[in-house]
Amino acid sequence: MYHPLFNNPEIKEWICEIGRRVYAKGFAAANDGNISYRVGENEVLCSPTMICKGFMKHEDICMVDLDGKQLAGTKKRTSEILLHLTIMKHRPDIKAVVHCHPPHATAFAVSREAVPQCVLPEIEVFMGEVPLAPYETPGAQGFADTVVPFLKSSNTIILTNHGTVTFGKTLEEAYWKTEILDAYCRILILSKQLGGITYLNEQKSRELLDLKKRLGFDDPRFHLEDCDLCGNTAFQEGYSSVNAPMPQAVAFDPPPKFPAYLKSPSSAASHASESSKNADPEELVRAITNEVLAALRGK
Ligand SMILES: [Zn+2]
């Protein structure tokens, strides 16, 4: 099968390179995971089925059309290609898709725990809220469709009881999102062993979103009046459209309730910098005493 767009050594090398990184990082055991890149209007290069992603060669790469029909390549295309193609059909700006099972992010997928926000500055700026697409048996269109309600405002999605899918304009960008997400989930799990996470306060969380805006990154919180600043509620419409439960904080402390980014900050946040300088010691003692009494009463 000859096809002019199939002869693309540069993209084939990138698919092999991302495969090596995915395998080296332990994001895909044995033959797990798949990688794709759109080379034409209707043509996509992808990894084959039943191959270890760490050892792929150019001649292993396949080409399919946007409906999954194989156009070129001697090996059979990945069985998960419909997930990749569904993302590309709904998001014409996306060229590259990486799907794998990074253990720390997949731990959140299995426990169905909401990934906390307002914890690490880089995560707020480069990632934001990560939706959990509902579970479906892999392989068919029904599985691919689970991500559709979350595609509008995210390039990083956790697949419930399965793994992750990340996407972008280049293969490296798509892969980086997997790496960032798994590193973050690992830090969260480690911090749990040390006693738990500490959320940033409202003012500092707002500052990070201001920075994100200035850097030109988008975030669903820039467009929604009725979502919490740190509350993992930006995708509530997506969850309700497929009748899936919103992921909740169970293992971690629930996020603090702050007004939406588009709403005016609570008075505590707007005076935060002032009051931290001129804190009234008597009021502080009263607040601490009340907390200690409340904790004692709870025992
Ligand atoms: Zn998978």
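Criteria and cut-off values
- Residues numbered from 1 in each chain as written.
- Predicted model: local features only at pLDDT ≥ 70, side-chain atom pairs only at ≥ 80, totals over all residues.
- Pairing = 2+ DSSP bridges.
- Helix = DSSP H or I, 4+ residues; strand = E, 2+ residues; numbered from the N terminus.
- Contact = placed C-beta atoms within 7 Å.
- Axes fitted to C-alpha atoms, helices over the stretch in contact; angles between N-to-C directions.
- Buried ≥ 20, exposed ≤ 12 C-beta atoms within 10 Å, placed from the backbone.
- Arc of directions from axis to C-beta.
- pLDDT = per-residue confidence, 0-100.
- Core = buried A, V, L, I, M, F, W, Y, C linked by C-beta atoms within 7 Å.
- Parallel < 35°, antiparallel > 145°, perpendicular 65-115°, else oblique.
- Left-handed = near helix turned anticlockwise from the far one by under 90°.

Visitor: Which residues make up the sheet that holds strand β4 (residues 70–72), and what values do they have?
Guide: The strand order across the open sheet formed by eight strands is β4-β3-β2-β1-β5-β8-β7-β6, and the pairing between neighbours is mixed. Two strands bound the open sheet, and with one partner strand each, they are β4 and β6 (132–133). As judged from the three bridges shared by strand β1 (residues 34–38) and strand β2 (residues 43–46), these two strands associate in the antiparallel manner. Along β2, the bridge assignment pairs Y37 with L45. Packed onto the sheet, helix α3 (residues 103–111) meets β6, β7 (156–159) and β8 (163–168) and runs at close to 55° relative to β7. Against the sheet, helix α6 (residues 171–193) makes contact with β1, β5 (96–100), β7 and β8, and its axis sits at roughly 145° relative to β8, the strand it touches most.

Visitor: Residues and numbers for α3, please.
Guide: An α-helix turns once every 3.6 residues. As a result, residues three or four positions apart point the same way. Considered for burial, the residues of α3 that qualify are A105, T106, F108 and A109. Projected down its long axis, α3 shows its buried positions confined to an angular sector of 150°, all on one face. Tucked inside the fold, the buried residues of α3 contact β6, β7, β8 and α6. With its phi angle positive at about 60°, R112 sits one or two positions after the end of α3.

Visitor: Can you lay out the environment of F258 for me, pointing to particular residues and giving the numbers?
Guide: As for its placement among the helices and strands, F258 is situated in the loop between α8 (236–241) and α9 (267–270). F258 sits in the buried class, given 22 other C-beta atoms within 10 Å. Expressed as a C-alpha distance, the spacing of F258 and D228, which sit 30 residues apart in the sequence, is 5.9 Å. Apart from residues no more than four positions distant in its own chain, F258 is found in contact with E202, S205, D228, L229, C230 and S266.

Visitor: Residues and numbers for the confidence of the model for the protein, please.
Guide: Across the protein, the average pLDDT comes to 92, with 90% of residues at 70 or higher. This model gives residues 274–278 a pLDDT under 50, and the stretch forms zero contacts once residues within four places in sequence are excluded.

Visitor: Residue-level account of the nonpolar core, with values.
Guide: I15, V44, V98, I158 and L171 are the most contacted members of the largest nonpolar core, which has 61 residues in total. It is α6 that contributes the most residues to this core, seven residues altogether. Once you skip the residues sitting within four places of it in the chain, I15 turns out to touch I35, Y37, L45, S47, M56, I61 and L171.

Visitor: For unusual backbone geometry, give the residues involved together with the corresponding values.
Guide: Even without glycine at this site, N161 takes up a positive phi of about 55°. Locating N161 in the fold gives a position in the loop between β7 and β8. The phi dihedral of N243 falls on the positive side, at around 60°, and the residue is not glycine. Relative to the helices and strands, N243 resides in the loop between α8 and α9.

Visitor: An account of the pairing of strand β3 (residues 62–65) is requested, with residue identities and associated values reported.
Guide: Bridging between β2 and β3 involves four bridges; their strand directions are antiparallel. In the sheet register, C46 faces β3, and the bridge partner there is C62. Examined bridge by bridge, β3 and β4 share two bridges and lie antiparallel to one another. When the sheet's bridge partners are listed, V64 is paired in β4 with Q70. Joining the antiparallel neighbours β3 and β4 is a turn of four residues, in which G68 adopts a positive phi near 95°.

Visitor: Now, about the packing of α3 against α6: what can you tell me, with residues and values included?
Guide: Relative to each other, α3 and α6 sit at 70°, their axes nearing to 7 Å. Looking at the two axes, α3 sits roughly perpendicular to α6. α6 is crossed by α3, and the crossing has left-handed handedness. Contact residues: H104, A105, A107 and F108 in α3; L181, D182, C185, R186 and I189 in α6.

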